[in-house]
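Structure assessment
Read off the chains here:
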Amino acid sequence: MERHELMAMMAELSLAGMRAVYDEVMADGLKRQRTVQQILGDLLAAERAEKKARSIRYQLGAARLPLARTLAEFDFAASPVNEALVCDLHDGGFLETQRNAVFVGGTALAS
């Protein structure tokens, strides 16, 4: 079976992960003299990883979480949050001294 036929079949079966890595996996597999089962296993692993990544992207979209922001973008003036404490936590100083960090309260969304 020719490459274009395999690619068409993978597209028809919605195997986007396999299609994306096909050439790379085949070239590497042939170069390393891998068995057909090993190459097929690599292709299936790529498909599984793609489906999992797609599922996570869908779930994050469905959750409608607010956009992630960096600490530099956070407006401490508009929030009752203790800026010095947050910066200390961000720097990870509590890890070096092996202190616990406990967060109490709800989420505060700053716009």
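Residues numbered from 1 in each chain as written. Predicted model: local features only at pLDDT ≥ 70, side-chain atom pairs only at ≥ 80, totals over all residues. Heavy atoms only, no water.

The protein is annotated in an unreviewed UniProt entry as Transposase from Skermanella cutis.

The subject of this paragraph is the overall build of the protein. Tallying secondary structure elements over the protein gives 5 helices and 0 strands in all. Counting helices and strands in the order they occur from the N terminus, the protein gives α-α-α-α-α. Since a compact globule built from 111 residues should have a radius of gyration of about 13 Å, the 24 Å found for the protein marks it as more spread out than a globular shape. Overall, the protein is about 65 × 35 × 20 Å in size when its C-alpha atoms are taken along their principal axes. For the protein, buried positions account for 14% of its 111 residues. Just so you have it, the protein exposes about 9,400 Å², and 57% of that area is on carbon and sulfur atoms. (Helix = DSSP H or I, 4+ residues; strand = E, 2+ residues; numbered from the N terminus. Rg over C-alpha atoms; globule rule 2.2 N^0.38 Å. Buried < 20%, exposed > 50% of the residue type's maximum accessible area, 1.4 Å probe, protein only. Areas by Shrake-Rupley, 256 points an atom, 1.4 Å probe, with all protein chains shown as cover.)

Turning next to the packing of helix α1 (residues 3-12) against helix α2 (residues 16-31). Packing of α1 against α2 brings their axes to within 9 Å, and their N-to-C directions diverge by 155°. With respect to α2, the axis of α1 lies roughly antiparallel. Crossing of α1 against α2: the hand is right-handed. Residues R3, L6, M7, M10 and A11 of α1 touch α2, and the partners they reach there are M18, R19, Y22 and D23. Considered class by class, the residues forming the contact of α1 with α2 number 6 nonpolar, no polar and 3 charged. (Axes fitted to C-alpha atoms, helices over the stretch in contact; angles between N-to-C directions. Parallel < 35°, antiparallel > 145°, perpendicular 65-115°, else oblique. Left-handed = near helix turned anticlockwise from the far one by under 90°. Contact = heavy atoms within 4.5 Å. Nonpolar A, V, L, I, M, F, W, Y, C, P; charged D, E, K, R; others polar.)

With 8 residues, the main nonpolar core is built from M7, M10, L15, M18, Y22, V25, I39 and L43. Secondary-structure elements contributing two or more residues to this core are α1, α2 and α3 (36-63). Contact partners of V25, with chain neighbours within four places excluded, come to I39, D42 and L43. (Core = buried A, V, L, I, M, F, W, Y, C linked by side-chain atoms within 4.5 Å.)

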